[in-house]
Amino acid sequence: MAIKRDYYEILGVKKDAGSEDIKKAFRKMAFQCHPDHNHDDGAEGRFKEINEAYEVLSNAEKRSTYDRFGHAGVDGFSGQDFEGFGGMGSIFEDFYEFFSGATSSAHKSPKRGSDIRSQATITMEEAAFGCQRNIDISRIENCTACHGTRAKPGSQPIRCPDCNGNGRVQRVQQSLFGRFANIVTCPRCEGEGKTITELCPQCRGTGKEKHKRSITIEIPAGVDDGNEMRLNGQGNVGERGGPAGNIYITVTVLPHRLFKRDGANILYELPVNFAQAALGADLTVPTLHGEVKLKVPAGSQTGQIFQFKGKGIPYLNRNRHGDQLVRLLVVTPERLTKQQRQLFQELADSLSRDDKKGK
Ligand SMILES: [Zn+2]
Ligand SMILES: [Zn+2]
């Protein structure tokens, strides 16, 4: 395809010329080049060129398509591609509709970078009070030498010669009804309209580099096993100026030696012996916030629960803590000394006498 001259240039008008100026310029030029008046070599070709330019620039819709996409956007409409059609008018309009609809997706649009997934393992104490973690990730970033342009630093991308910077090229297909002009994304520049003369040596023209990064994250107090943290815009870099992806970190909270967690509450099982349960006892109980005193009343039963308000884990993003729930577990001794056996026997006799009295 021969390189076409700019329509504005052909008519000798500015890009922002009004329709009257375009009309005047066309008349003047057409008069000069009309084959009836001008028998110079090439006059006929110039006359055709002028007509074509005027056909596009005198039509507001076609002109705006031309302004946006250049020749590639309007070429399908110049008469010569539709040889064989009798009535051009309506078909012309139909194709125009088709093209103007297709143009929106012409250029490859910016694409968001992909997400990075990682994980952090923390203790229950760290989950309760919050902590910092360094997360090692491997991230795609813009090349530090070319800043993602793919061009060798100092070199400038040039207008793509295949599409003349439009990002689209015309592909003409022969069909039963004549020749169809299809507008497709320029394969050379992939629609960007620019092409690089010298590739960046550092990234070999990809514009991207993979970097190992250590990211410090603040894990908030109250986080639970399986929770996911999102670091917005810290993932892999986007394509063609698109935003970066996110980093998602899945938090694993390790089980605790003493405590079980139920949401914001901590469950703790406190073993006591028969005597402590029967007579009562003053005991200390561990919590995530340090030891607390528990007065076990006389006659406590196994399974009985004591609540320590606010000694649990904070609710995520709320200024409130859960509780620690202490469950008594009365432990039956498995081995007894001779003396203990004797004492239990006396106790048993005494209890059975009480039972008989009670009846
Ligand atoms: Zn580079
Ligand atoms: Zn191109």
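Residues numbered from 1 in each chain as written. Chains lettered and ligands numbered in written order. Predicted model: local features only at pLDDT ≥ 70, side-chain atom pairs only at ≥ 80, totals over all residues.

Draft legend 1. Spotlight on the overall build of the protein chain. A tally of helices and strands in the protein chain yields nine helices and 15 strands. Taking all 359 residues of the protein chain together, the buried fraction comes to 23%. Taking contacts inside the protein chain between residues at least 6 apart in sequence as the whole, the part at least 24 apart equals 64%. (Helix = DSSP H or I, 4+ residues; strand = E, 2+ residues; numbered from the N terminus. Buried ≥ 20, exposed ≤ 12 C-beta atoms within 10 Å, placed from the backbone. Contact = placed C-beta atoms within 7 Å.)

Draft legend 2. Region of the structure containing the pairing of strand β7 (residues 208–219). Of all the twelve residues making up β7, one are buried; the element is thus mostly uncovered. Of the pairings in the sheet, the one linking strand β2 (residues 131–142) to β7 comprises twelve bridges and is antiparallel in character. Note that in β7 the partner of isoleucine 135 across the bridge is isoleucine 215. (Pairing = 2+ DSSP bridges.)

Draft legend 3. Structural context of the sheet that holds strand β1 (residues 116–122). Spatial strand order, β1-β9-β8: three strands in an open sheet with mixed pairing. Of all strands in the sheet, those bounded by a partner on one side alone are β1 and β8 (228–231). Taken over all neighbouring pairs, the strand axes of this sheet differ in orientation by 25 degrees on average, direction set aside. In terms of strand pairing, β8 meets strand β9 (residues 247–253) through four bridges, oriented antiparallel. The residue bridging arginine 230 from the neighbouring strand is tyrosine 248, located in β9. (Axes fitted to C-alpha atoms, helices over the stretch in contact; angles between N-to-C directions.)

Draft legend 4. Broad picture of the sheet that holds strand β15 (residues 324–331). Strands sit in the order β10-β11-β15-β14 across an open sheet of four strands; the sheet is mixed. The open sheet is flanked by β10 (260–262) and β14 (305–308), the only strands paired with a single partner. Taking the axes of each pair of neighbouring strands and ignoring which way they run, one obtains an average angle of 30 degrees across the sheet. Bridging between β14 and β15 involves four bridges; their strand directions are antiparallel.

Draft legend 5. Structural detail: the packing of helix α2 (residues 19–33) against helix α3 (residues 43–57). In the contact formed by α2 and α3, the axes pass within 9 Å of each other and the chain directions differ by 165 degrees. Our classification of the angle between α2 and α3 gives roughly antiparallel. The element α2 and its partner α3 pack so that their crossing is left-handed. In this structure, α2 contributes Ile22, Phe26, Met29, Ala30 and Cys33 to the contact, and α3 contributes Ala43, Arg46, Phe47, Ile50, Tyr54 and Leu57. (Parallel < 35°, antiparallel > 145°, perpendicular 65-115°, else oblique. Left-handed = near helix turned anticlockwise from the far one by under 90°.)

Draft legend 6. Here's a closer look at the nonpolar core. Counting residues in each nonpolar core, the largest one holds 16 residues, and the members touching the most others are Tyr7, Leu11, Phe26, Ile50, Ala53 and Leu57. Mapped by element, the contributors of at least two residues to this core are α1 (7–11), α2 and α3. Contacts of alanine 53, omitting those with residues within four sequence positions, involve Tyr7, Ile10 and Leu11. One finds Ala127, Ala128, Val251 and Phe259 within the second-largest nonpolar core, a separate group that totals 15 residues. (Core = buried A, V, L, I, M, F, W, Y, C linked by C-beta atoms within 7 Å.)

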